[in-house]
Amino acid sequence: MEKTLSIIKPDAVKKNVIGKIIDRFESNGLRVAAIKKIQLSRADAEAFYAVHKERPFFGELVEFMISGPVVVSVLEGENAVAKNRELMGATDPKEAAPGTIRADFAESIDANAVHGSDSLENAEKEIAFFFAQREIL
């Protein structure tokens, strides 16, 4: 069983669609192994997105991610990384397939409702960033 990290971003939390998004995961064979609602600090957001530090959108991404609470979760299932990415849809909601999370809940390429790990290696690092092993059941 694979594990992947999911973040429901501030825009989707503000819209009160957390349950609808979690239902998408559960209805498509992913199990929530850990979940919590948190407020990222600037240091947290900068550390988590450090891979994008040199990109022009880094500052805006950090500001957005600290603009309100997020829901972080560990999703578990067969091909969890690929399944989560399929359910999320394209980064730009205008390009996301109908019925995907981003097509249904995202506002823009910047406020795009969710984050998901893009590989098993990154999933492992991202999960460890937010969760102690004892929190994952």
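Conventions used here
Residues numbered from 1 in each chain as written. Predicted model: local features only at pLDDT ≥ 70, side-chain atom pairs only at ≥ 80, totals over all residues. Heavy atoms only, no water. UniProt positions renumbered as here; feature names shortened; annotations may be inferred. 1 Å grid on protein atoms, 1.4 Å probe; cavity = no way out; pocket = protein on both sides within 12 Å on 5 of 7 lines; lining within 4 Å. Helix = DSSP H or I, 4+ residues; strand = E, 2+ residues; numbered from the N terminus. Buried < 20%, exposed > 50% of the residue type's maximum accessible area, 1.4 Å probe, protein only. Contact = heavy atoms within 4.5 Å. Polar contact = N/O pair within 3.5 Å; in protein donor to acceptor, adjacent residues only side chain to side chain. Core = buried A, V, L, I, M, F, W, Y, C linked by side-chain atoms within 4.5 Å. Salt bridge = Lys/Arg side-chain N within 4 Å of Asp/Glu carboxyl O.

- Labelled according to an unreviewed UniProt entry, the chain appears under the name Nucleoside diphosphate kinase, originating from Nitratifractor salsuginis.
- According to the UniProt record, the Subunit (unreviewed entry) comment for the chain is "Homotetramer."
- UniProt annotates the chain under Function (unreviewed entry) with the comment "Major role in the synthesis of nucleoside triphosphates other than ATP. The ATP gamma phosphate is transferred to the NDP beta phosphate via a ping-pong mechanism, using a phosphorylated active-site intermediate."

### A word on the UniProt feature "binding site: ATP" (unreviewed entry) in the chain
Move 1: Taken from the UniProt record, the annotation "binding site: ATP" (unreviewed entry) applies to Lys9, Phe57, Arg85, Thr91, Arg102 and Asn112. Set against the largest pocket, the annotated residues named above that line it are Lys9, Phe57, Arg85, Thr91, Arg102 and Asn112.
Move 2: Here Arg102 lies in helix H6 (residues 101-105).
Move 3: Its relative accessible area of 5% is what places Arg102 among the buried residues.
Move 4: In contact with Arg102, not counting residues within four places along its chain, are Met88, Gly89, Ala90, Thr91, Pro93, Ala96, Asn112, Val114 and His115.
Move 5: One can find Asn112 in the loop between H6 and strand S4 (114-116).
Move 6: Only 3.4 Å separates the side chain of Asn112 from the backbone oxygen of Thr91, close enough to count as a polar contact.

### Notes on the nonpolar core
Move 1: Residues Ile7, Met65, Phe130 and Phe131 are the most contacted members of the largest nonpolar core, which totals 22 residues.
Move 2: Of all the secondary structure elements, the ones that give two or more residues to this core are strand S1 (2-8), strand S2 (31-38), helix H3 (42-48), helix H4 (58-65), strand S3 (70-77) and helix H7 (120-130).
Move 3: A per-element tally of this core places H4 first, with five residues.
Move 4: Other than its neighbours up to four places away in sequence, Phe130 contacts Leu5, Ile7, Lys36, Ile38, Leu40, Phe48, Val72 and Glu135.
Move 5: Listed in part, the 20 residues of the second largest apolar core include Ile8, Ile22, Val71 and Leu87.

### Quick word on the side chain of Glu76
Move 1: Mapped onto the fold, Glu76 is located in strand S3.
Move 2: Exposure remark for Glu76: the relative accessible area of 15% places this residue in the buried category.
Move 3: Side-chain polar atoms of Glu76 contact the side chain of Lys3, separated by 3.0 Å.

### Details of the pattern of salt bridges
Move 1: The final tally for this structure, using the stated rule, is six salt bridges.
Move 2: Residue Lys15 is joined to Glu107 by a salt bridge in which the shortest nitrogen-to-oxygen separation is 3.8 Å. Highlighted residues: Lys15 in the loop between helix H1 (10-14) and helix H2 (18-27) and Glu107 in the loop between H6 and S4, separated in sequence by 92 residues.
Move 3: Overall, the relative accessible area of 54% leaves Glu107 in the exposed class.
Move 4: Through salt bridges with shared partners, one network takes in Lys3, Arg31 and Glu76.

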